[in-house]
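So you can see what is in the structure, the chains are spelled out below.
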Amino acid sequence: MQHEKVVIIGSGPAGLTAALYTARAQLNPVVIAGPQFGGQVSLTHEIENYPGFTGGSGPDLIEIMKNQAEKFGARIDMDIVLEVDLEHGSPFRVKTGNNEYSADALIVTSGASPRLLEVPGESEFTGRGVSYCGTCDGFFFRNKKVVVIGGGDSAVKEGLFLTRFATNVDLIHRRDSLRAEKTQQDRAFENPKMNFTWDTVVEEIKGDNKVNAVKLRNLKTGESYEYPTEGVFIFIGHDPNNSLFTGKLAMDEHGYVITDKFMRTSVEGVFAAGEIQDPLWKQVATSVGQGTAAAMSTEQWLAKRESVEKVAEHVKAEVAAEAEAQAK
Ligand code: NDP
């Protein structure tokens, strides 16, 4: 078993930022990368809304973050976590594919994954017309026609955002009413660039080098047809990557880990940051801020614990010395 002061689970912006801060605090963190190094950002074609990073791809930004954290002593373990034991308190046990760690403190940054449509063409055209983030990729669809899939808050909000760039945003929903909040719905219905196709599902995403059409099916009539489009934005929900922590950390009704403003979870010594605990903002910039807060809280928690342990040891030594003196 390899003992560490800090183990960070997940290598997206929250995890790599927590690594940078805990490394600079001389805590020698280990980041366990997880199945997708860099998380969702690694799937993003271009990042233009992260302050200070004036252009480049998601993987470019992740590489910079990784190098910066490593420069101060963070170590990256390109492995996945299979199991965590939080039941017995710190030190926590973390079992990976190839190793087993014990960690005084844990920072959970395992992120979230967009739900997939799971239709032919989806994975093939991801980054080439298929996107899961309007804020990230909307700019690349200036004066183009796009479709948005879904009927919740994300689909409607992101659809409205996309009207800034696209000539038309066609929202395709499997039912005949939206579940998004009413004010957003009103805005969407009033927006002349937005159109709505009800009771319809996507059967296939088509293209050559890039997306050029979707194959749709009307669930009421059964009719299938091709609909030309250059962008397919899929917003059918996100799922926090929480399977390792089910029953171990308190979660809200959507499965997001609950944290306080110190990024503390329900287990003392376990902190969380980024999309595993944030159902709302889902931005690199917010994840970086949360990763910073989690790292600083971790550092303070470890320092406090160390000083309490030192006082306890000191008191114990004094009691023992006193007992010895009395015995003489
Ligand atoms: P939701 O789960 O709310 O909505 C997902 C939408 O996708 C639903 O309309 C659903 O259809 C549809 N859908 C699900 N699976 C499929 C599928 N396989 N094929 C086609 N359509 C599908 O997810 P969101 O990401 O929109 O929101 C998640 C949470 O975050 C919600 O609680 C939401 O309120 C909140 N949120 C709040 C925002 C805000 O500004 N307040 C912004 C963004 C999110 P159906 O309706 O038929 O189930």
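Residues numbered from 1 in each chain as written. Predicted model: local features only at pLDDT ≥ 70, side-chain atom pairs only at ≥ 80, totals over all residues. Heavy atoms only, no water.

## A short note on the sheet that holds strand E12 (residues 200-207)
Here's step 1: Taken in spatial order, the three strands make up an open sheet running E12-E13-E14, and their pairing is antiparallel. Bordering the open sheet on either side are E12 and strand E14 (224-228), each of which pairs with just one other strand. Neighbour to neighbour, the strand axes of the sheet diverge by 30° on average, direction disregarded.
Here's step 2: As paired strands, E12 and strand E13 (residues 211-218) are joined by seven bridges and run antiparallel to one another. By the bridge assignment for E13, Lys206 is matched with Ala213. (Pairing = 2+ DSSP bridges. Helix = DSSP H or I, 4+ residues; strand = E, 2+ residues; numbered from the N terminus. Axes fitted to C-alpha atoms, helices over the stretch in contact; angles between N-to-C directions.)

## Notes on unusual backbone geometry
Here's step 1: Across the junction of Ser90 and Pro91, the peptide omega takes the value 0°, indicating a cis bond.
Here's step 2: The residue Glu118 is not glycine, and still its phi comes out positive at about 60°.
Here's step 3: Here Glu118 is to be found in the loop between strand E7 (112-114) and strand E8 (130-131).

## Some words on the site of the ligand
Here's step 1: The local shell around the ligand holds 16 residues, among which Asp153, Ser154, Arg174, Arg175 and Arg179 are the closest.
Here's step 2: The separation between an oxygen atom of the ligand and a polar side-chain atom of Asp153 is 2.6 Å.
Here's step 3: Residue Lys157 places a side-chain N or O atom 2.9 Å away from an oxygen atom belonging to the ligand.
Here's step 4: The protein chains hide 74% of the 910 Å² of surface that the ligand would expose on its own.
Here's step 5: Grouping the amino acids of the shell around the ligand by side-chain chemistry returns three nonpolar, seven polar and six charged. (Near = heavy atom within 4 Å. Polar contact = N/O pair within 3.5 Å; in protein donor to acceptor, adjacent residues only side chain to side chain. Areas by Shrake-Rupley, 256 points an atom, 1.4 Å probe, with all protein chains shown as cover. Nonpolar A, V, L, I, M, F, W, Y, C, P; charged D, E, K, R; others polar.)

## Structural notes on the pattern of salt bridges
Here's step 1: Applying the stated criterion across every chain, the model contains 14 salt bridges.
Here's step 2: Residues Lys215 and Glu203 are paired through a salt bridge, measuring 3.8 Å at the closest nitrogen-oxygen approach. Placement of the pair is Lys215 in strand E13 and Glu203 in strand E12, with a sequence separation of 12 residues.
Here's step 3: Using a relative accessible area of 24% as the deciding quantity, one classes Glu203 as partly exposed.
Here's step 4: Note that Arg305 and Glu309 form a salt bridge whose closest N and O atoms lie 3.9 Å from each other. With a gap of four residues between them, Arg305 and Glu309 both fall in helix H6 (residues 284-327), about one helical turn apart. (Salt bridge = Lys/Arg side-chain N within 4 Å of Asp/Glu carboxyl O. Buried < 20%, exposed > 50% of the residue type's maximum accessible area, 1.4 Å probe, protein only.)

## What about the domain arrangement of the chain?
The figure often quoted for interface size is the accessible area lost as the parts come together.
Here's step 1: Its domain assignment divides the chain into domain 1 (2-114 + 238-315) and domain 2 (130-234).
Here's step 2: Placing a centre on the C-alpha atoms of domain 1 and another on those of domain 2 gives a separation of 34 Å.
Here's step 3: With seven residues of domain 1 at the contact, the number on the domain 2 side is six residues.
Here's step 4: Considering only the side of domain 1, the residues that lose the most area to domain 2 are Glu46, Glu48 and Pro114, jointly responsible for 42% of the buried surface there.
Here's step 5: The tally of links between domain 1 and domain 2 comes to zero residue pairs in polar contact (both at pLDDT 80 or more).
Here's step 6: In terms of residue class, the side of domain 1 that touches domain 2 is built from one nonpolar, four polar and two charged. (Domains from an automatic or database assignment. Contact = heavy atoms within 4.5 Å. Buried area = accessible area lost by both parts, 1.4 Å probe.)

## Details of the side chain of Glu275
Here's step 1: Here Glu275 shows up in the loop between strand E17 (270-272) and H6.
Here's step 2: Each residue touching Glu275, except ones within four places of it in the same chain, is listed here: Gln40, Gly111, Ala112, His238, Tyr256, Lys282, Gln283 and Ser287.

## Some remarks on the side chain of Asn191
Here's step 1: Its place among the elements puts Asn191 in the loop between helix H5 (182-190) and strand E11 (194-197).
Here's step 2: A relative accessible area of 18% places Asn191 in the buried class.
Here's step 3: Ignoring anything within four residues of it in the chain, the contact list for Asn191 reads Leu160 and Thr163.

## Details of the nonpolar core
Here's step 1: Within the largest apolar cluster, 33 residues are counted, with the highest numbers of intra-cluster contacts made by Ile8, Ile47, Tyr50, Leu61, Met65, Ile107 and Val284.
Here's step 2: Secondary structure elements with two or more residues in this core: strand E1 (2-9), helix H1 (13-24), helix H2 (58-71), strand E6 (100-108) and H6.
Here's step 3: Once residues lying within four places of it in the same chain are set aside, the contact partners of Met65 are Pro13, Leu16, Tyr50, Val284 and Val288. (Core = buried A, V, L, I, M, F, W, Y, C linked by side-chain atoms within 4.5 Å.)

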